[in-house]
Amino acid sequence: MHHSTRTGTGTRATGIRIRPAASADLTELTDIYNHYVTHTPVTFDIEPVAAEQRRAWLEAHPGTGRHRLLVAEEAGRVLGYVSSSPLRPKQAYETSVETSIYLAPGHTGRGLGGKLYGALFEALAGEDVHRAYAGITQPNEASVKLHERFGFRPAGVHHQVGRKFGTFWDVAWFEKPLG
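First, a word on what this report is: a plain description of the structure on this page. Keep in mind it's a predicted model, so treat the numbers as computed, not measured.

Conventions used here
Residues numbered from 1 in each chain as written. Predicted model: local features only at pLDDT ≥ 70, side-chain atom pairs only at ≥ 80, totals over all residues. Heavy atoms only, no water. Buried < 20%, exposed > 50% of the residue type's maximum accessible area, 1.4 Å probe, protein only. Axes fitted to C-alpha atoms, helices over the stretch in contact; angles between N-to-C directions. Helix = DSSP H or I, 4+ residues; strand = E, 2+ residues; numbered from the N terminus. Left-handed = near helix turned anticlockwise from the far one by under 90°. Contact = heavy atoms within 4.5 Å. Nonpolar A, V, L, I, M, F, W, Y, C, P; charged D, E, K, R; others polar. Pairing = 2+ DSSP bridges. Core = buried A, V, L, I, M, F, W, Y, C linked by side-chain atoms within 4.5 Å.

## Details of unusual backbone geometry
Part 1: Of note, the bond from Q138 into P139 is cis; its omega dihedral lies within 30 degrees of zero at 0°.
Part 2: The residue A75 is not glycine, and still its phi comes out positive at about 50°.
Part 3: Taking relative accessible area as the criterion, A75 reaches 79% and is therefore assigned exposed.
Part 4: Despite not being glycine, Q160 shows a phi value in the positive range, around 45°.

Take a look at the structure:
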C-alpha cells in the first residue's frame, strides 16, 4: 500500500539525498514500515515485522533492474523509501511493477514523496518496464494526488478487499505507462 499525507509541519525537503537502499538501512526501513502496520490501514500487514523478516525483501531490490528500493536520507537518517516490486509472480507480468512509498512519521508534507517518485521513475527509465501499478487503501486523498501528479490514472477498485482494525477497506488501483 502507499502512503503520503500532508499532516507534517516540517519545512520542504532540503539537504535530502536519494540513494539505493543498503543493508545498513534495514532497521530504519523496518521501523518506518512498522509505524504503518501498527497505526494505519495503508498496509494490510497486521502484526509488526522483525528486521530480519524484511531482509529478503531488501535483497530482492538490487541497485539495477526493474526492482528498485531507494531511500531519502537527511543528516544520516532514513526519512522514507520508495520501491518497485514484482506485481505478480507469473513471468508474463515481469514488465509490470508495483510501486510503494513510505515516509517516516513527522516527515510527510515536505515533498519527500515527490522526490522519491521522481528518482524512482528516472531509475526505471532505462529498464524494460511497461507499466507501474499502485494500490492505495481508501480514503487517502494525499496519496491519490501524489500518484496523479506522476501520471498514474485510476484502474479500478477492489471493494472491501482487506480487513484491519475491525473494518473492511477498499483499495483503489492506479496505473502509469512507462517506457
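Still to come is the rest of the account.
## Points about the packing of helix α3 (residues 112-124) against helix α4 (residues 141-149)
Part 1: For the pair α3 and α4, interaxial distance at closest approach is 11 Å and the crossing angle is 35°. Remark: the crossing between α3 and α4 carries right-handed chirality. Contacts between α3 and α4 involve G113, G114 and Y117 from the first element and L146, H147 and R149 from the second.
Part 2: Looking at the contact of α3 with α4 residue by residue, the class counts come to two nonpolar, three polar and one charged.

## Thoughts on the sheet that holds strand β6 (residues 153-164)
Part 1: If you trace the seven strands from one edge of the open sheet to the other, you get β1-β2-β3-β4-β5-β7-β6, paired in mixed fashion. In this open sheet, the two strands that pair with only one neighbour each are β1 (17-20) and β6. Ignoring strand direction, the axes of neighbouring strands in this sheet form an average angle of 25°.
Part 2: By the bridge criterion, eight bridges tie β6 to strand β7 (residues 167-177) in an arrangement that is antiparallel. From the neighbouring strand, G156 faces β7, where its bridge partner is W173.
Part 3: The sheet contacts of α4 involve β4 (96-103), β5 (131-137), β6 and β7, and relative to β5 the element is tilted by about 165°.

## Here we look at α4
Part 1: Every buried residue of α4 is accounted for by A142, S143, V144, L146 and H147.
Part 2: Of the surrounding secondary structure, the elements contacted by the buried residues of α4 are β4, α3, β5 and β7.
Part 3: At the exit of α4 stands G151, carrying a positive phi of roughly 90°.

## A closer look at the nonpolar core
Part 1: Residues L29, Y81, Y117, F121 and F152 are the most contacted members of the largest nonpolar core, which totals 42 residues.
Part 2: Apart from residues no more than four positions distant in its own chain, Y117 is found in contact with V82, T99, I101, A134, L146, H147, F150 and F152.

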